[in-house]
Amino acid sequence: MSGIENFDARSCVLLRLGERRFALTAEHIAELVAPSRVFRFAHRTPEIDGVILRRGRVVPVCDVAERLTGKKLTYRRFYLIATRRSGATLDWVALPVSGECELITADLTPAGASDSPHVLAWISHDGEVIEVLNLDALAPNSAQTALAQNSSQPEAHA
Amino acid sequence: MQLAAAHKSPSVRTEQIILFRCSSQVFAISSAAVQEVRSVDSLAGSPQEITEPTLPKVRHMFRRGERNLYVVNAAIHFGLRPSPSALLFLLRKSRAALLIDGIEKMTTMTRLQALPAAFCHEERLWYRGLTVLDQTVVPVVSPSGFLTAEELFLLDTVAARLAVPESSPTTEVGLGL
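Reading the values: rules and limits
Residues numbered from 1 in each chain as written. Chains lettered and ligands numbered in written order. Predicted model: local features only at pLDDT ≥ 70, side-chain atom pairs only at ≥ 80, totals over all residues. Heavy atoms only, no water. Helix = DSSP H or I, 4+ residues; strand = E, 2+ residues; numbered from the N terminus. Buried < 20%, exposed > 50% of the residue type's maximum accessible area, 1.4 Å probe, protein only. Contact = heavy atoms within 4.5 Å. Areas by Shrake-Rupley, 256 points an atom, 1.4 Å probe, with all protein chains shown as cover. Core = buried A, V, L, I, M, F, W, Y, C linked by side-chain atoms within 4.5 Å. Salt bridge = Lys/Arg side-chain N within 4 Å of Asp/Glu carboxyl O. Buried area = accessible area lost by both parts, 1.4 Å probe. Polar contact = N/O pair within 3.5 Å; in protein donor to acceptor, adjacent residues only side chain to side chain. Pairing = 2+ DSSP bridges. Axes fitted to C-alpha atoms, helices over the stretch in contact; angles between N-to-C directions. pLDDT = per-residue confidence, 0-100.

Asks: I'd like to hear about the overall build of chain B, residue by residue, with values.
Replies: The helix and strand inventory of chain B stands at 3 helices and 11 strands. Starting at the N terminus, the α and β elements of chain B follow one another as β-β-β-β-β-β-α-β-β-β-α-β-β-α. Counting every position in chain B, which comprises 177 residues, the buried fraction comes to 50%. Within chain B, residue pairs in contact and separated by at least 24 positions form 64% of the contacts whose partners lie at least 6 positions apart.

Right, here's the structure in full:
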């Protein structure tokens, strides 16, 4: 996910996780889909709940609500399917959300050094200050894990 | 039961697979990777207990020719609830034998999707990828993922301390599982 260098008007998708709202830049959203069957199989990545099938593609389901709000979602209204670059390929991740999503245009304020890694930027909307999420810091990524393991320099990863 | 290596059609890229059950979950393995399927009760040779506390998934081994084969309990390997195992896959070009609950069926897969990058732990060694069969996602196991080189070295070290009798075709000894 590209960094935010300056104040910048961008299309964003607002998403609801329990009582809170967050945003993702629209360029990283593929689609919003109704919940479908989650296929679960043995694995050791705790952030991943399972996978769903979407247009013949296997999409991992990553529930970020507990990490962002401290509570697991009790109700999944939709899956917001986001994309990110992972090496040479485009990686899809399904984020369960608990309410309607909204497409808005807002000025992005870059995240500061003291902000959490999952915060890419901030937007102000309807009198509310909302975090724009950095998907790379929220959803696990084997490419980043491999980089971290191969790097001799200590590196912060979510 | 002896399984012949799967033939690949030159025109259609398909792969014959075996769907097997392990602790109520279904996995797939290429039939070309399975040399023999044995009942645990009719395994020729003398399975011997082997104990390595860091590798609870391996509790038995037996000798075939010059090599020790190590029996990997698939349920423990995948972190699933242990269940009564009935069958053993002897894997081709591998020193692991896989203890499973049973075979679901043999079928053909036409597409193997890479494991999504969001999976970033041991499962990347466990699986070659995922396939979709009848609108169901099935993980396709990697035959080389059951025992790493380090684990084999460790097991060989433990086995070297044990006297392993040569496999005898006249001896029918079960794994007692």
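And the narrative resumes.
Asks: Lay out the overall build of chain A in plain terms, naming residues and giving numbers.
Replies: Each helix and strand in chain A was counted, giving 3 helices and 10 strands. Order of helices (α) and strands (β) in chain A, N terminus to C terminus: β-β-β-β-β-α-β-β-β-β-β-α-α. The buried share of chain A, taken over its 158 residues, is 47%. Across chain A, the fraction of contacts at a sequence separation of at least 24, relative to all contacts at a separation of at least 6, is 54%. Of the roughly 8000 Å² of accessible surface on chain A, a fraction of 47% belongs to carbon and sulfur atoms.

Asks: Please set out the nonpolar core residue by residue, giving values where relevant.
Replies: If you look at the biggest cluster of nonpolar residues, it comprises 66 residues, and the most contacted ones within it are Phe78(B) and Phe89(B). Ranked by the residues each element gives to this core, the list is headed by helix H3 (residues 149-160) of chain B, at 4 residues. Setting aside chain neighbours within four positions, we find Phe78(B) in contact with Ala42(A), Arg44(A), Phe27(B), Trp126(B), Tyr127(B), Val141(B) and Phe146(B). Counting residues in hydrophobic clusters, the runner-up holds 11 residues, among them Leu14(A), Ala106(A), Leu120(A) and Ala121(A).

Asks: Which residues make up the environment of Leu108(A), and what values do they have?
Replies: Note on placement: Leu108(A) falls in strand E8 (residues 102-110). Between the alpha carbons of Leu108(A) and Val97(A) there is a distance of 22 Å; along the sequence they are 11 residues apart.

Asks: So what's going on with the pattern of salt bridges? Which residues, and what values?
Replies: Residue and element names in this part refer to chain A. Using the criterion set out here, one finds 19 salt bridges over all chains in the structure. The shortest N-O distance in the salt bridge between Arg55 and Glu31 comes to 2.8 Å. Placement of Arg55 in the loop between strand E4 (48-54) and strand E5 (57-62) and of Glu31 in strand E3 (residues 29-33) is noted, with a sequence separation of 24 residues between them. The exposure class of Arg55 is exposed, given its relative accessible area of 67%. Here Asp91 and Arg84 are joined by a salt bridge, their closest N and O atoms 3.2 Å apart. In this pair, the class of Asp91 matches that of Arg84, namely buried. Beyond isolated ion pairs, a larger network of salt bridges with shared partners links Arg40, Asp49, Asp63 and Arg76.

Asks: Would you mind going over the interface of chain B and chain A in detail, with residue names and values included?
Replies: Note on interface size: it is often stated as the accessible area lost on association of the parts. Contacts between the two partners involve 26 residues from chain B, matched on the other side by 23 residues from chain A. Approximately 1900 Å² of surface area, both sides summed, lies buried where chain B meets chain A, with 65% of it carried by carbon and sulfur atoms. Summed over the three residues of chain B that lose the most area to chain A, namely Ala118(B), Phe119(B) and Val137(B), the buried surface amounts to 28% of that side. Taken together, the links from chain B to chain A amount to 1 salt bridge. Here Arg44(A) makes a salt bridge to Glu122(B), at a shortest N to O gap of 3.1 Å. Summed over the shared surface of chain B and chain A, the result is 9 residue pairs in polar contact (both at pLDDT 80 or more). Of all elements in the fold, only strand E2 (25-30), helix H2 (123-126), strand E10 (127-133) and strand E11 (136-141) of chain B reach the threshold of two or more residues within the side of chain B that touches chain A.

Asks: Explain the pairing of E8(A) residue by residue, including any values.
Replies: Sheet topology note: the strand E1 (residues 8-17) of chain A/E8(A) ladder contains 7 bridges and is antiparallel. Considered in E8(A), the bridge of Ser11(A) is made with Thr105(A).

Asks: Mind laying out the sheet that holds strand E3 (residues 34-39) of chain B, listing which residues take part and the relevant values?
Replies: All names here are of chain B. Here we have 6 strands laid out as an open sheet, ordered E3-E7-E8-E6-E5-E4, and mixed in their pairing. This sheet does not close on itself; its edge strands, each paired only once, are E3 and strand E4 (48-49). As defined by bridge partners, E4 adjoins strand E5 (residues 58-64) across 2 bridges and the pair is classed as antiparallel. Its bridge partner lying in E5, Gln48 is registered against Met61. On top of the sheet, H3 reaches E5 and strand E6 (67-73); it is set at about 115 degrees to E6, its chief contact.

Asks: Describe the confidence of the model for chain B, with residues and values.
Replies: Residue and element names in this part refer to chain B. Overall, the predicted model of chain B reaches an average pLDDT of 86, with 83% of residues at or above 70. Confidence drops under a pLDDT of 50 for residues 168-174, and excluding neighbours within four residues, the segment shows 16 contacts in the predicted structure. Here the predicted complex carries an ipTM of 0.82, next to a pTM of 0.83.

Asks: A description of the confidence of the model for chain A should follow, citing residues and the corresponding values.
Replies: Low-pLDDT portions of the prediction should not be read for the details of their coordinates. Across chain A, pLDDT averages 86, with 86% of residues at or above 70. Scored below 50 in pLDDT, residues 151-158 of chain A shows 4 contacts in the model against residues more than four places distant or in partner chains.

Asks: Can you tell me about unusual backbone geometry, naming the residues and giving the values?
Replies: For Asp126(A), which is not glycine, the phi torsion reads 55 degrees and is therefore positive. Note on placement: Asp126(A) falls in the loop between strand E9 (119-125) and strand E10 (128-133). Even without being a glycine, Ser23(B) presents a positive backbone phi close to 50 degrees. Tracing the sequence through the fold places Ser23(B) in the loop between strand E1 (15-22) and E2. Taking the relative accessible area as the measure of exposure, Ser23(B) reaches 13% and is therefore buried.

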